[in-house]
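Each chain, letter by letter, is given below.
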Amino acid sequence: MLVGIGVTVISLWYGQNHGLLPVAASDEASQIDGLFNTMMTISTGLFILVQGIIIVAAIKYRRRKGDNTDGPAWHDNLPLEILWTALPAVIILGIGVYSFEIYNSMGGLDPMGAHDHGTMKMQAKMRGSAIAATLSDMEQKTPQIPSRKLVALGVGASPENEEKAPDLVVNVTGLQYAWIFNYPESGVNSGELHMPVNRDIQLNISASDVLHAFWMPEFRLKQDAIPGRPSELRFTANKVGEYRIVCAELCGAYHGAMKGLAVVHPPEEFDTWLQEQQVASTQNLEQAVAVNPGELSDGEFLAPYTSELGINSENLKQLHPTHHHK
Ligand SMILES: [Cu+2]
């Protein structure tokens, strides 16, 4: 009786104080941690019980000096067998139902649901976006809504957010060996995932070459990034700070270096960041246009090469001004 109470108290304490998990930075994380801590409590109890019995038995039933007889032959103990079959079955069933409940409340049972108006509205918006159209091919690739025949992948809207569009959509592309983030509403591209705190965020995840896995340990979220198959993560970051993004699928020689940064801002700070990025990307587009060789005259096009070619600028001016390189 005393031993039972002792084991229970130790297990309950260790289940809450194991210190194995990093900080929990999303609404979803606390639920996952609840499940993990429950399993930790049960495992600690079982560990102490099994190891305790082994140690006690090894001491109590050790061979005494001069005793060369066989031990008693034991077989078939029906009540014991029923107990050690039923107990794990009940525990596993309980954990199964518990984790199913958590997965459901996170939105894991219906990712990219047919009623997900958020994604569809967002994609319609993107098709009309002039900024998105000028982006390079790779970044512009938007995950399509999968055909009904495919199983949708990821974590979708929680049941209470089902009919709501997400506050922010970010397209995530995994490629050897980086994560690229595209904000379809503003046309911003970034190598870091910036987002506002306490907002409903939707990540549309895809890969442009091989399998990757998008893992945010502090958010307790992980989702495969698959070429040709979009997947989704929908969640709420609830702590301002910087967090790791890790590729969790061996994707090539530099897989170990495929890390990223998730930055959770207060909402106003996020808006400022987004505006800064928009300004920066507009400047980049103008620079790209300025060096488009198709728009240069022969003289302008050849000017940087004159010293290599041994031509002076006077000779360049003699070239026919209407002749353009295409
Ligand atoms: Cu990878």
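Rules used throughout
- In every chain, residue numbers begin from 1 and rise along the written sequence.
- Only residues with pLDDT of at least 70 are given local features in this predicted model, and only at 80 or more are side-chain atom pairs given and counted; all residues enter the totals for whole chains, interfaces and linings.
- The side-chain quantities take in all heavy atoms of the structure and omit both hydrogens and water.
- Only DSSP runs of H or I reaching four residues or more are called helices, and only runs of E reaching two or more are called strands; each is numbered from the N terminus.
- Only protein chains enter the accessibility calculation, which uses a 1.4 Å probe; a residue whose area is less than 20% of its type maximum is buried, one above 50% is exposed, and one in between is partly exposed.
- Here, residues are in contact when the closest pair of their heavy atoms is within 4.5 Å.
- Grouping into patches uses exposed residues only, defined as over 30% relative accessible area, and leaves out salt-bridged ones; the cut-off is 9 Å for like charges and 5 Å for nonpolar side chains (Val, Leu, Ile, Met, Phe, Trp, Tyr).
- Calculation of accessible area relied on Shrake-Rupley with a 1.4 Å probe; when residues are assessed, cover is drawn exclusively from the protein chains displayed.
- Between Lys or Arg on one side and Asp or Glu on the other, a salt bridge is scored when a side-chain nitrogen of the former is within 4 Å of a carboxyl oxygen of the latter.
- DSSP calls a pair of strands paired once it identifies at least 2 bridges connecting them.
- Here a helix's expected span is defined as the number of its residues, less one, multiplied by 1.5 Å.
- For this analysis, a nonpolar core means a set of buried residues of the types Ala, Val, Leu, Ile, Met, Phe, Trp, Tyr and Cys, connected via side-chain atoms within 4.5 Å.
- Source of the domain bounds: an automatic or database domain assignment.
- Only nitrogen, oxygen and sulfur atoms qualify as donors, provided they sit within 2.8 Å of the metal or within 3.2 Å for Na, K and Ca; with water excluded from the atoms, sites may seem incomplete.
- Key to geometry: four donors with every angle between 85 and 135 degrees are tetrahedral; four donors are square planar and six octahedral where opposite donors lie over 155 degrees apart and all remaining angles lie between 65 and 115; all other sites are irregular.
- Any two rings among Phe, Tyr and Trp, with Trp reduced to its six-membered ring, count as a pair given centres within 6.5 Å; such a pair is stacked if its planes are under 30 degrees apart, edge-to-face if over 60, and tilted if neither.
- Charge-over-ring contacts are defined here by two conditions on Lys NZ or Arg CZ: a distance within 6 Å of the ring centre and an angle within 35 degrees of the ring normal.
- Polar contact criterion, stated in full: a pair of N or O atoms within 3.5 Å, where within protein one must be able to donate a hydrogen and the other to accept it, and residues adjacent in sequence count only if both atoms are side-chain atoms.
- Geometry is summarised by axes, namely lines fitted to C-alpha atoms with helices restricted to the contacting stretch, and by angles between N-to-C directions that run from 0 to 180 degrees.
- By the definition adopted for this analysis, an angle is roughly parallel if under 35 degrees, roughly antiparallel if over 145, roughly perpendicular if from 65 to 115, and oblique otherwise.
- Side-chain classes are defined by residue name, with Ala, Val, Leu, Ile, Met, Phe, Trp, Tyr, Cys and Pro counting as nonpolar, Asp, Glu, Lys and Arg as charged, and the others, Gly among them, as polar.

Across its full length, the protein chain holds 10 helices and 11 strands. Counting all 326 residues of the protein chain, 35% fall into the buried class. Long-range contacts, defined as pairs at least 24 residues apart, comprise 71% of the intrachain contacts of the protein chain with a sequence gap of at least 6.

Right, let's talk about a nonpolar patch on the surface for a bit. Where nonpolar side chains cluster on the molecular surface, the patch consists of L46, L49, V50, I53, I54, I55 and I59 and spans about 660 Å² of accessible area. Mapping L49 onto the fold places it in helix α2 (residues 27–60). For L49, a relative accessible area of 45% puts it in the partly exposed group.

Once that is clear, we can look at the sheet that holds strand β3 (residues 178–183). Read across the open sheet, the 6 strands follow the order β1-β9-β6-β2-β3-β4; overall the sheet is mixed. Edge positions in the sheet fall to β1 (154–155) and β4 (188–190), since each of these pairs with one other strand and no more. As defined by bridge partners, strand β2 (residues 168–175) adjoins strand β6 (residues 200–207) across 7 bridges and the pair is classed as parallel. Residue pairing across strands places V170 opposite L203, the latter belonging to β6.

This part covers α2. Here α2 contains 34 residues, and its C-alpha end-to-end distance of 50 Å stays within 8% of the 50 Å for a straight helix at 1.5 Å per residue. Taken as a whole, α2 has its buried residues at E28, A29, D33, L35, N37, M40, T41, T44 and G45. Summarising the contacts, the buried residues of α2 are in contact with α1 (2–16), α3 (78–106) and β9 (231–236).

Within the largest apolar cluster, 37 residues are counted, with the highest numbers of intra-cluster contacts made by Y183, L193, L203, F214, M216, F219 and F235. Per element, the largest residue contribution to this core is 4 residues, and it comes from β6. Counting the residues that make up this core, at least three belong to each of domain 1 (8–15 + 22–51 + 88–106) and domain 2 (117–283). In this structure L203 touches V170, V172, L193, F214, M216, S231, E232, L233 and F235, once residues within four positions along its chain are discounted.

With distances of 2.0 to 2.4 Å, the protein atoms coordinating the copper ion are H212 (ND1), C247 (SG), C251 (SG) and M258 (SD). Its 4 donor atoms give the copper ion angles of 94 to 122 degrees at the centre, a pattern that matches the tetrahedral case. In primary sequence terms, the donor set of the copper ion follows H-x34-C-x3-C-x6-M. With a gap of 11 residues between them, C247 in strand β10 (residues 241–247) and M258 in the loop between β10 and β11 (259–265) connect regions that are remote in the sequence. Each member of the pair, C247 together with M258, is buried.

In this section: the pattern of salt bridges. This structure, assessed with the given rule, holds 3 salt bridges. For the salt bridge of D33 with R220, the shortest nitrogen-to-oxygen distance reads 2.6 Å. Of this pair, D33 sits in helix α2 while R220 sits in the loop between β7 (212–216) and β8 (221–225), placing them 187 residues apart in sequence. The burial state of D33 is the same as that of R220; both residues are buried. A salt bridge links R234 to D200; the nearest nitrogen and oxygen atoms lie 2.5 Å apart. Of this pair, R234 sits in strand β9 while D200 sits in strand β6; the two residues are 34 residues apart in sequence, bridging distant segments of the chain. Residues R234 and D200 agree in their burial class; the two are buried.

Counted under the stated rule, the structure contains 8 aromatic pairs. With 5.3 Å between their ring centres and 80 degrees between their planes, F219 and Y243 make a pair best called edge-to-face. Taken together, the residues span a long stretch of sequence, with F219 in the loop between β7 and β8 and Y243 in strand β10 at a distance of 24 residues. Under the relative-accessibility criterion, F219 is labelled buried at 0%. Note on Y243: relative accessible area 7%, which makes it buried. Through pairs of rings, three or more aromatic residues link up here, namely W179, F181 and F214. Of note, K222 hangs over the ring of W215, and the distance from its end group to the ring centre comes to 4.9 Å.

This paragraph deals with the side chain of R220. Given the relative accessible area of 12%, R220 is considered buried. A polar atom in the side chain of R220 sits 3.3 Å from the backbone oxygen of V23. In contact with R220, not counting residues within four places along its chain, are L21, P22, V23, A24, A29, I32 and D33.

The next thing to look at is the packing of α2 against α3. At a minimum axis distance of 10 Å, the contact between α2 and α3 shows a crossing angle of 175 degrees. Taken as axis vectors, α2 and α3 run roughly antiparallel relative to one another. Side by side, α2 and α3 meet where E28, Q31, I32, G34, L35, T38, M39 and I42 of the first sit next to I91, I95, Y98, S99, I102, S105 and M106 of the second. Here the residues of the contact of α2 with α3 sort into 9 nonpolar, 5 polar and 1 charged.

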